[in-house]
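The primary structure of each chain is shown beneath.
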Amino acid sequence: MTEIQLLEKEIMEKIAALDALRKKAPPTPVGNYLFQTQDGKPSLLDLFSGKNRLFAIHNMGQGCRYCTLWADGLNAFLPHLESAFAVVLLSKDSPAEQRAFANSRGWRFRMASHGGGDYIKEQSVVAGQDNMPGIVCYERRGDQIYKLNSAVFGPGDLYCPIWHILGLAGVGEDQWTPQYSYWKRPQKLSDGGLNILE
């Protein structure tokens, strides 16, 4: 095996060890926080939608290109995840802002706003950082909610494969930044160029 293949094997072994540690991590009880949606004020328990486990995606909102990249990727896995788990994307943005941005991206997530309140201050994936992107797995046991595990989202993490694909080309996070759109208006449009929305 080459040095690269040996390191890839070691990384896979470390990921397996990490997953084993996560299975053993003691669950932490959490409160039943309230959120805002376009349909009302659901509680954290409501967000489980009858399922026993919930993935809460912590998104910094429409102002973050990186959070948009992660959500674009997770959106593709949504039907697979929702076959076994409840999934919700949480951000500080208002419910109307969330829905408008989700529609512009083609996201199918259920969405709720924490509005920068107690939930994100107390449940952040990094203690003391109240708008840190990441993901949290909660479990419901009757009316009690437990936090099982959480992880931070950031360039090079395990949750957004584009960084590893870019790495194959020798391109790092200091050389590439995600954008909201990659379409560039040509200098001359064959259709006359009227009514272009940019």
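Just above, that's the structure.
Keep in mind the model is a prediction, meaning the values are calculated, not measured. One numbering rule holds for all chains: residues counted from 1, following each sequence as written. Owing to the predicted nature of the model, reporting of local features is limited to residues with pLDDT of at least 70; listing and counting of side-chain atom pairs is limited to 80 or more, with chain, interface and lining totals taken over all residues. Remark: hydrogens and water are excluded; side-chain values derive from all non-hydrogen atoms of the structure.

Trainee: Please set out the overall build of the protein residue by residue, giving values where relevant.
Mentor: Counting its secondary structure elements, the protein contains 6 helices and 6 strands. Note on conventions: DSSP H or I runs of at least 4 residues are helices, E runs of at least 2 residues are strands, and numbering of each starts at the N terminus. Going residue by residue from the N terminus, the α and β elements of the protein occur as α-β-α-β-α-β-α-β-α-β-β-α. Expressed as lengths along the three principal axes of its C-alpha atoms, the size of the protein is roughly 60 × 55 × 35 Å. A sequence separation of at least 24 residues applies to 61% of the contacts in the protein between residues at least 6 apart. Accessibility throughout is a Shrake-Rupley quantity obtained with a 1.4 Å probe, and a residue counts as covered only by protein chains that appear here. Accessible area for the protein stands at about 12200 Å²; split by element, carbon and sulfur atoms hold 55% of it. Mean positive and mean negative side-chain charge positions of the protein (21 and 21 charges, respectively) differ by 3 Å. Note on definitions: a residue-residue contact is assigned when non-hydrogen atoms from the two residues lie within 4.5 Å. Here Asp and Glu are counted as negative and Lys and Arg as positive; His is not counted, and neither are the chain ends. Here the site of a charge means NZ on Lys, CZ on Arg, CG on Asp, or CD on Glu.

Trainee: Explain the pattern of salt bridges to me, and be specific about the residues and the numbers.
Mentor: Should the charged atoms of two oppositely charged side chains come close, the side chains can pair. Note on definitions: salt bridges are taken to be side-chain nitrogens of Lys or Arg within 4 Å of carboxyl oxygens of Asp or Glu. In total, this model carries 5 salt bridges according to the counting rule given. A salt bridge links Arg105 to Asp72, with the shortest nitrogen-to-oxygen separation between them at 2.5 Å. Within this pair, whereas Arg105 is found in helix α4 (residues 95-105), its partner Asp72 is found in helix α3 (residues 65-82), the two being separated by 33 residues in sequence. Exposure categories follow from relative accessible area, calculated using a 1.4 Å probe and restricted to protein chains: below 20% of the type maximum is buried, above 50% is exposed, and the middle band is partly exposed. We classify Arg105 as partly exposed; its relative accessible area is 23%. Residue class for Asp72 comes out partly exposed when judged on its relative accessible area of 27%.

Trainee: Describe the nonpolar core, naming the residues involved and giving the relevant values.
Mentor: One recurring pattern in soluble globular proteins is that nonpolar side chains are buried together. For this analysis, a nonpolar core means a set of buried residues of the types Ala, Val, Leu, Ile, Met, Phe, Trp, Tyr and Cys, connected via side-chain atoms within 4.5 Å. Judged by nonpolar contacts, the single largest core of 23 residues is most densely connected at Ile57, Leu89, Trp107, Phe109 and Trp163. Mapped by element, the contributors of at least two residues to this core are β2 (53-58), α3, β3 (86-91), α4, β5 (134-141), β6 (144-152) and α6 (162-168). Excluding residues that lie within four positions of it along the chain, Ile57 makes contacts with Leu74, Val87, Val88, Leu89, Leu90, Phe109, Gly134, Ile135 and Phe153. Tyr33, Phe35, Leu47 and Ala56 belong to the second-largest nonpolar core, a separate cluster that totals 19 residues.

Everything listed is a geometric property; what it means functionally is a separate question.
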